[in-house]
Structures are given as C-alpha cells and as structure tokens.
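Next come the chains, spelled out residue by residue.
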Amino acid sequence: MQKRKYLLKIRRSRKTYILIYIMMLVIIFALGYVYYLGYGINKIALIAAGIFVIGAFKFTEIHRFKDWWAISAGGLVQSTGIFDKNVREIAFSSISDLDVDQPFFKRILGYGDVNVRLFLNETSIKIININRPERFIEKLQEIMNTRREGKNDVRRIP
Amino acid sequence: MMYEEYHNKNNPHKRNHFGRKFLIFILFLAVLGVIFFTTIYEGGFTGNSIKEFNENNSVKISSETNIPSTTLTGEHSKITFDISSNKEMKLEGKKISLDKTSNLLVLEGFSGEVNFDENSINLLSGKVSKIYINGVPISNEKDVKMKISLDADILYNSISFKNNFPVSEINFICSGKVNVGTDSINLNQDTCILKNALGEFLVKDKKLFFSGSVTSLDIKGENKKVSISK
C-alpha cells in the first residue's frame, strides 16, 4: 500500500515531558553526587536508576509517537493509538472554528492545544501539546481558505 | 448537552492523566529513595574519608572481629597487601606478573576502590603515587599518579591499612571482641556500628584487627545494647 502524503504532519511536542526529563536528570545527578562523595554506588540502586531513566525515555517517545495529526488535501486527519489504531478524517467544510488553549506554563514554553470544532454537534478534534499552536492554526486556515476558494494548487508546506 | 461537557466526557486524553503522572512521580521518589537508602545503610565499611575528626570527642578502642565484605573508595595514604596467589597486576597498562607464592605489595598515595572479603581481594582499581613490589619501589618520573588494577579473586595472607586510616562508618554483623579501656565486650553475631574510626586496620587469619579511636560505638544484639561515645 502506498504511503499517503500529507501537507503537514505533527506530533506532540517533547516539551510536554519536561517534568519527566527533569526527574531523569535528578536521578542521574543523584548518582553522580553519591559517587562524588566517595560512596560506592549500590548495584540495586544503579539498576533501579537505569530502569527508571531508560523506561521514562522509552515511555515519553512511545507516548509521543502514539498520536499524530495531519493536514491532507481533503481535510484534517487524526490518528490515535499504536496497536488499537483509530484514524479519523474531517473535511475542511465540516470545521466551524479553531481555538488555542494555552495555560501559562505552556505559553512560556511555546506549546499548547488546538481545538478544532465542527458544525455538527459531535466530538471535536483536540490537537494536544503541539509546538507553536498559533502557527498551526494559521497554516490550517490558509489551506482551508485556499480549498474553499476552489484552488487546487495547494503546495506542500515545509 | 453543552459543548464543553460533551467534549470533556468524550475526550480520551482527559482520563487517567493524573493517575499516570502520580505513578511516575511515585516511581521517581522510590528510585531516589533506593539510591540514598542503599548509600546510607550499606553494610561493611562505607566511605572512608572523615571531614572533621576531633580527638577530644573520641574513644580509644581495639577490636578483634570477623571480616565484613568491604568496599573502600577514596584516598588511602598506605595500604600493604600480602598476596598469596600467582596473579597479574596492571600498572600503567603494563602487565606485571606476581609469580611468587607470597608477594608483598605496598601502595602509597592510593586513590580508588578496594573490595575484599574474608577470602580474597575482589577488586583493586585506581591510581597510586608509589608502589613497592616485594621491596622494589616503582614510581613515575614525572611524579604523576600511575593507574593500577589487580585481577579479581586474589587470595591474600594479610592486608593492612596504616598511618591513621580514616573510615567514616563501619556497620556490620560481627563476632569477636571489642576492648574499650580496661573493659572487654564479647560479640556473637551482633550488629556493630563504629563511627568516624581512625587508626590502624589489619586483616589477617580471617580476622579484622582495629586499633584506634572512634567517635561512637554502638553494639546491638540479643539481650545486648551498648552505646559508647564521648
């Protein structure tokens, strides 16, 4: 099966996991500090720390790759899950409005959520924790406007 | 149904987020706890550098006990090993064969890690300023410390730590005898905790001999509880 081409494909920002990354660094720093003090690092502690750091890193990467959103020539695509995959495609004509949800912490770090609401009273699409959500909305609106104007010369966005 | 209510109820991302974050945080605290708990309560000798030692606050003792499994890290002014097995030693990457049945190794200005139990030396790795192998001195011309490592599981006759060897804590299950002044305490599988020990250690004939000062001595066992400090 030929791989489908999208105009824009996005995933969660790694900034979402900043607290987990800080925890991983604290664990590594704690091991380094114990070593610096001249104490021998216990094997169990080393294994536990290794499992936590590697496990946390794997978890964040798998969690990040689990969901993605894309803008295709026909509409907005949402894919969730790895094993139980759920792909939903919404035509541009069904989209009523877009809004950005950015609490203070996310605003500082430059990421946030985008709510894509629909004309029909059904579940909206929530694009979670993406980098620069305003820019994504601008791009989506630009493509939607082009499509609505009936132009078919939509080009791939770098 | 209002939009927000409908949206929140049907959004899979809203569910279980707090539980997952809480679980990760609990795991994080558990790993940190394991690191510090195992560092503080490690049995045997732990961390051998004393930051402050005041003779006025110390008690003079001597002891003759069994040998705990011991790991020493840090700097040691003088360690003497009487090795009884034919093994190899690496000094600055060069192999030196210890081919005699009894080899006397004196390490001066050693910094690194030593691990031994009552039978053998399991690890010796670090840097040394000067080394005497059966009385022959070896040192670096540039007065730079040399890398040294020994094969694992080397049998020994004795190990001695001289020149007021400092150990911050000795915590082990011991059997033997501790002398405090004129008093003598017999030990039989009792927990022995010596804090800030400074003196000479000799490991010989499957016994650990210590002579020096400690800031506190705690002995806990069946029907026995002794706590000595000045």
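Use the structure listed above.
So, how was this worked out
Residues numbered from 1 in each chain as written. Chains lettered and ligands numbered in written order. Predicted model: local features only at pLDDT ≥ 70, side-chain atom pairs only at ≥ 80, totals over all residues. Pairing = 2+ DSSP bridges. Helix = DSSP H or I, 4+ residues; strand = E, 2+ residues; numbered from the N terminus. Axes fitted to C-alpha atoms, helices over the stretch in contact; angles between N-to-C directions. Parallel < 35°, antiparallel > 145°, perpendicular 65-115°, else oblique. Left-handed = near helix turned anticlockwise from the far one by under 90°. Contact = placed C-beta atoms within 7 Å. Nonpolar A, V, L, I, M, F, W, Y, C, P; charged D, E, K, R; others polar. Core = buried A, V, L, I, M, F, W, Y, C linked by C-beta atoms within 7 Å. Buried ≥ 20, exposed ≤ 12 C-beta atoms within 10 Å, placed from the backbone. Expected span 1.5 Å × (residues − 1). Arc of directions from axis to C-beta.

Our focus in this paragraph is the sheet that holds strand 3 (residues 75–80) of chain A. All names here are of chain A. Read across the open sheet, the four strands follow the order 1-2-3-4; overall the sheet is antiparallel. Lying at the two open borders of the sheet, with one neighbouring strand each, are strand 1 (8–10) and strand 4 (86–91). This sheet shows a mean twist of 15° between the axes of neighbouring strands, independent of strand direction. As paired elements, strand 2 (residues 68–71) and strand 3 share four bridges and run antiparallel to each other. Residue pairing in the sheet places W68 in a bridge with S79 of strand 3.

Across a regular strand the side chains alternate sides, sitting on one face of the sheet and then on the other. Between strand 2 of chain A and strand 3 of chain A, which pair antiparallel and follow one another directly, the connecting turn spans three residues. Linking strand 3 of chain A back to strand 4 of chain A in an antiparallel pair, the connection comprises five residues, with A:G81 at a positive phi of about 90°.

What follows concerns the packing of helix 1 (residues 18–36) of chain A against helix 2 (residues 43–66) of chain A. All names here are of chain A. Two elements in contact, helix 1 and helix 2, have axes whose closest approach is 10 Å; the angle formed by their N-to-C orientations is 160°. Relative to helix 2, the element helix 1 is oriented roughly antiparallel. Relative to helix 2, the crossing made by helix 1 is left-handed. Counting all contacts with helix 1, which are made through I20, M23, M24, I27, I28 and L31, the residues of helix 2 involved are A49, F52, V53, A56, F57 and T60. Taken together, the residues that form the contact of helix 1 with helix 2 break down as eleven nonpolar, one polar and no charged.

All right, on to the sheet that holds strand 7 (residues 125–131) of chain A then. All names here are of chain A. If you trace the three strands from one edge of the open sheet to the other, you get 5-6-7, paired in antiparallel fashion. Strands at the two margins of the open sheet, each flanked by one partner only, are strand 5 (95–101) and strand 7. Looking at each pair of strands side by side, their axes are set apart by 20° on average, direction ignored. Two strands pair when backbone bridges link them, and strand 6 (residues 111–118) and strand 7 are joined in this way by five bridges, in the antiparallel orientation. Of the residues in strand 7, the one forming a bridge with G112 is I130. The strands touched by helix 4 (residues 133–148) within the sheet are strand 5, strand 6 and strand 7, with strand 5 carrying the most contacts at an inclination of about 165°.

Right, let's get into the nonpolar core. Within the largest apolar cluster, 39 residues are counted, with the highest numbers of intra-cluster contacts made by B:F81, B:L107 and B:I121. Mapped onto this core, the elements with two or more residues apiece are strand 3 (70–83), strand 6 (103–116), strand 7 (120–128), strand 10 (146–150), strand 11 (154–180), strand 12 (183–204) and strand 13 (207–214) of chain B. A total of nine residues in this core trace back to one element, the largest contributor, which is strand 11 of chain B. Excluding anything up to four places from it in sequence, B:F81 contacts B:L105, B:I121, B:Y156 and B:I159. Among the nonpolar cores identified, the runner-up in size contains 13 residues, and A:Y111, A:V114, A:I130 and A:L140 belong to it.

On to unusual backbone geometry, then. Even without a glycine there, the phi angle at A:R132 is positive, about 45°. Mapped onto the secondary structure, A:R132 falls in the loop between strand 7 and helix 4. We classify A:R132 as partly exposed; it has 14 C-beta atoms within 10 Å. One non-glycine residue, B:K206, adopts positive backbone phi at about 60°. Turning to its location among the elements, B:K206 is positioned in the loop between strand 12 and strand 13.

All names here are of chain A. Spanning 16 residues, helix 4 covers 22 Å between terminal C-alpha atoms, matching the ideal 22 Å at 1.5 Å per step. Within helix 4, the full set of buried residues consists of P133, F136, L140 and I143. The arc enclosing the buried residues of helix 4, seen along the axis, measures out at 90°, which places them on a common side. With respect to the buried face of helix 4, the exposed residues turned more than 90 degrees away are E134, R135, E138 and N145.

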